[in-house]
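Structural overview
Chain by chain, the residues:
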Amino acid sequence: RAAGDEIVIVSAVGDDFLGKATKFDMNDRGMNTDFLKIVEGTPTAMEIETLNIIGDLDYLISGTEVNKYIDIELIESALDVINSCDMAVIDASLTEEVLKYVAENVTVTKFFDPGNEEDALKAKEIIGKFDIIKPNRAEASVLFGKDIFSEEELAAAIAYFEEQGVKQIYVT
């Protein structure tokens, strides 16, 4: 919890040990897990990443099957609570349909970290709906539609994001 602010989790976990431990830990830290869906027979999401020498994703092992249960129905059920918060941190692994729904219906400051190039592509057409974005160079290239290898190309990408409506851009 930052400065006593309430943290509301709108997500899904499996009914495995990791999912139960995650919910217990979140509750223990005072987080609101009223909108944390526990999905029977599905493992909790987990990713293992290896980055290359410049910090871009080189290899990924991903088990995120449970994320498909973070659907529009779940977001709708939590929408009033989400919109009463100061900020919503948007998970890039949501489906494109859910990402678009969130972009259109969440009215508070929206923070988006693409997570990987594939997930960045899902947000390309709606990137201007997010207030704050934190892509790495490769993800920014996908969102911009052009490779970014120089400071000039980075400046052009940042200008593009600002033209789309993004207020704060942090390229890592």
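Everything in this summary refers to the structure shown in the same document. (Residues numbered from 1 in each chain as written. Predicted model: local features only at pLDDT ≥ 70, side-chain atom pairs only at ≥ 80, totals over all residues. Heavy atoms only, no water.)

Our focus in this paragraph is the sheet that holds strand β8 (residues 168-169). Reading across from one edge, β5-β6-β7-β8 is the order of the four strands in this open sheet, with parallel pairing throughout. Edge strands, defined here as strands with exactly one partner in the open sheet, are β5 (87-91) and β8. Bridging between strand β6 (residues 109-113) and strand β7 (residues 132-133) involves two bridges; their strand directions are parallel. Looking at β7, one finds that F112 is bridged to I133. (Pairing = 2+ DSSP bridges. Helix = DSSP H or I, 4+ residues; strand = E, 2+ residues; numbered from the N terminus.)

Close contact between helix α5 (residues 137-144) and helix α6 (residues 151-164) brings their axes to 10 Å; oriented N to C, the two are set at 55°. Here α6 runs oblique to α5, going by the angle between their axes. Both α5 and α6 take part in a crossing whose hand is left-handed. Residues A140, L143 and F144 of α5 form the contact with α6, whose own contacting residues are E153, A156, A157, Y160 and F161. The residue makeup of the contact of α5 with α6, split by class, is seven nonpolar, no polar and one charged. (Axes fitted to C-alpha atoms, helices over the stretch in contact; angles between N-to-C directions. Parallel < 35°, antiparallel > 145°, perpendicular 65-115°, else oblique. Left-handed = near helix turned anticlockwise from the far one by under 90°. Contact = heavy atoms within 4.5 Å. Nonpolar A, V, L, I, M, F, W, Y, C, P; charged D, E, K, R; others polar.)

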